[in-house]
Every structure is written in structure tokens, then in C-alpha cells.
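In case you want the letters, here they are:
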Amino acid sequence: MYKKWQKYTESHPYASIFMVAIVASLIGITAEYLLNNAFFFGGFWTTLILVIGQLLIIKKRNKKK
């Protein structure tokens, strides 16, 4: 399974970032709601900054190739 994920990440790097961000956000939102019965919007900014950072890293890596 890990090798399949590596192949997918190499062939579709941008899609894999968005998939990981969505799954991690859903897990985080669910945990926050179950524990505190609240929803914290500040997490969206953190996720957005991290995703943009990863997209820039991939863009820079693709330029080198």
C-alpha cells in the first residue's frame, strides 16, 4: 500500500497534498467537535499556510528537474 501511495504521489504531487490536507482536517474537526462540542476556525488558516508551503516546495522541486 505504501508503494502505491509513493507512486501516486510522484505522478500526482498536487492532488496528494490536497488529499492529505482534507483527510487530516476531517480528523481534526471531528476530534475537536467530539471533545469540546465546538468548532475552531483558526485551524483553517494553519492548514492553508501549510498547504501553500507544500505547493511552493513542489513547484521549486519540479523546476530543478
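The rules we used
- Residue numbering note: each chain is counted from 1, following its sequence as written.
- Residues qualify for local features only when their pLDDT is at least 70, as the model is predicted, and side-chain atom pairs are given and counted only at 80 or more; totals for whole chains, interfaces and linings, by contrast, use all residues.
- The basis for the side-chain values is all heavy atoms of the structure; hydrogens and waters are excluded.
- Helix and strand labels come from DSSP, where a helix needs a run of H or I of at least four residues and a strand needs a run of E of at least two; each type is numbered from the N terminus.
- By this rule the span expected of a helix is its residue count minus one, scaled by 1.5 Å.
- Contacts are assigned to residue pairs that have any heavy atoms within 4.5 Å of one another.
- What makes a patch is a set of residues exposed beyond 30% relative accessible area and free of salt bridges, joined within 9 Å when like-charged and within 5 Å when nonpolar (Val, Leu, Ile, Met, Phe, Trp, Tyr).
- Using the Shrake-Rupley algorithm and a 1.4 Å probe, accessible areas are obtained, with residue cover drawn only from the displayed protein chains.
- For salt bridges, the criterion is a side-chain nitrogen of Lys or Arg within 4 Å of an Asp or Glu carboxyl oxygen.

Some details on helix 2 (residues 13–36)
Between its first and last C-alpha, helix 2 extends 34 Å over 24 residues, near the 34 Å set by a 1.5 Å rise per residue. Structurally, helix 2 contributes buried residues whose contacts are with helix 1 (2–11) and helix 3 (42–64). Of the residues trailing helix 2, Asn-37 is marked for its positive phi of about 50°.

Observations concerning a nonpolar patch on the surface
A contiguous nonpolar surface patch, about 400 Å² in accessible area, is contributed by Tyr-14, Phe-18, Ile-22 and Leu-26. Structurally, the position occupied by Phe-18 is in helix 2.

Section: unusual backbone geometry
Even without being a glycine, Asn-37 presents a positive backbone phi close to 50°. Topologically, Asn-37 is positioned in the loop between helix 2 and helix 3.

Concerning the environment of Tyr-8
Along the chain, Tyr-8 falls in helix 1. Ignoring any residue separated from it by four or fewer positions in sequence, one finds Tyr-8 in contact with Ala-15, Ser-16 and Met-19.

Note that every value here comes from positions in space, so none of it alone points to a role or purpose.
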